[in-house]
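Coordinate inspection notes
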Amino acid sequence: DELQGLYAQMREKRDLVLSRLQSIPGVRCPTPTGAFYVLPDVSSYFGRTSPGGAILSDSTALCVALLQETAVALVTGDAFGAP
């Protein structure tokens, strides 16, 4: 069935993203069940300093540091109750 094939492809992509995130020390990421969005818990980095010298006080500071230092753009999970 075409939909089953699509579901399998999405599951593979989800599993790849999860395995990559879960391989980062201090990052926990629950498996999403209803959507492809992942909301990793990055709170173990709060209070640390980035390689570029930014204080990672919260998820917004971490996202800004990642954007400025590595050109990786992320959205915080604050609106979803995730750190």
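Residue numbers restart at each chain and count upward from 1, following the sequence in its written direction. Given that this is a predicted model, residues contribute local features only at a pLDDT of at least 70 and side-chain atom pairs are listed and counted only at 80 or more, while totals for whole chains, interfaces and linings are drawn from all residues. Side-chain figures throughout are based on the complete set of non-hydrogen atoms in the structure, without hydrogens or water.

**Points about the overall build of the protein**
When helices and strands are tallied, the protein shows 2 helices and 2 strands. Runs of H or I in DSSP of at least four residues are treated as helices and runs of E of at least two as strands, each being numbered from the N terminus. Overall, the protein shows an N-to-C arrangement of helices and strands of α-β-β-α. As a reference, a globule follows 2.2 Å times the number of residues to the power 0.38, and the radius of gyration itself is taken over C-alpha atoms. Taking 83 residues into account, the globule formula puts the C-alpha radius of gyration at 12 Å, and the protein, at 15 Å, lies well above it. With respect to the principal axes defined by its C-alpha atoms, the protein has extents near 50 × 25 × 20 Å.

**Some remarks on the pattern of salt bridges**
Between Lys or Arg on one side and Asp or Glu on the other, a salt bridge is scored when a side-chain nitrogen of the former is within 4 Å of a carboxyl oxygen of the latter. Scanning the entire structure with this criterion turns up 2 salt bridges. Across the pair Asp-15 and Arg-14 runs a salt bridge whose closest N-O atoms are separated by 2.9 Å. A salt bridge links Asp-41 to Arg-28; the shortest N-O distance between them is 2.2 Å. Linking Asp-41 in the loop between helix H1 (2-22) and strand S1 (48-49) with Arg-28 in the loop between H1 and S1, this pair joins segments that are 13 residues apart in sequence.

**Some words on the layout of surface pockets**
Of the voids in this model, the largest pocket is the one considered here, and its volume is about 690 Å³. In this structure, the largest pocket is lined by 25 residues; those nearest its centre are Pro-40, Val-42, Leu-62, Leu-66 and Leu-74. Ranked by the residues each element gives to the lining of the largest pocket, the list is headed by helix H2 (residues 59-70), at 7 residues. In terms of residue class, the lining of the largest pocket is made up of 19 nonpolar, 5 polar and 1 charged. The method works on a 1 Å grid over the protein atoms by themselves. A cavity is a set of points holding a 1.4 Å probe that cannot get out, a pocket is an open set with protein on both sides within 12 Å along at least five of seven lines, and residues with an atom within 4 Å of a point line them. Grid points are joined across faces, edges and corners, and a volume is the space filled by probe spheres set on the points. Put simply, Ala, Val, Leu, Ile, Met, Phe, Trp, Tyr, Cys and Pro go in the nonpolar bin, Asp, Glu, Lys and Arg in the charged bin, and everything else, Gly too, in the polar bin.

**Examining the side chain of Ser-59**
Positionally, Ser-59 belongs in helix H2. Residue classification places Ser-59 among the buried residues on the basis of a relative accessible area of 5%. Here the side chain of Ser-59 touches Asp-78 through a polar contact of 2.9 Å, side chain to side chain. The buried label goes to any residue with under 20% of its type's maximum accessible area, the exposed label to any with over 50%, and the partly exposed label to all in between, with areas taken from a 1.4 Å probe on protein chains only. Here a polar contact is taken to be a pair of N or O atoms separated by no more than 3.5 Å, where protein atoms must pair a possible hydrogen donor with a possible acceptor and residues adjacent in sequence count only if both atoms sit in side chains.

**Brief notes about the nonpolar core**
Here, nonpolar core refers to any group of buried Ala, Val, Leu, Ile, Met, Phe, Trp, Tyr and Cys residues whose side-chain atoms link them within 4.5 Å. Formed by Val-27, Val-42, Tyr-45, Leu-56, Leu-62 and Ala-65, the largest nonpolar core amounts to 6 residues. With near-sequence residues (within four places) excluded, Leu-62 lies in contact with Val-42, Tyr-45 and Leu-56. We call two residues contacting when some pair of their heavy atoms lies within 4.5 Å.

**Some words on the environment of Val-38**
Among the structural elements, Val-38 can be located in the loop between H1 and S1. Sequence-wise, Val-38 and Leu-21 are 17 residues apart; in three dimensions their C-alpha atoms are separated by 9.4 Å. Not counting chain neighbours up to four residues away, the residues in contact with Val-38 comprise Val-17, Leu-18, Leu-21, Cys-29 and Pro-32.

**Let's talk about the packing of aromatic side chains**
Two rings belonging to Phe, Tyr or Trp (six-membered ring only in the last case) form a pair when the distance between their centres is within 6.5 Å. Interplanar angles under 30 degrees mark stacking, angles over 60 mark edge-to-face geometry, and anything in between is tilted. Across all of its chains, the model carries 0 aromatic pairs by this definition. In this structure, Arg-48 packs its charged tip against the face of Tyr-45, placed 4.9 Å from the ring centre. A ring is scored as having a charge over it whenever the NZ atom of a lysine or the CZ atom of an arginine sits within 6 Å of its centre and within 35 degrees of its normal.

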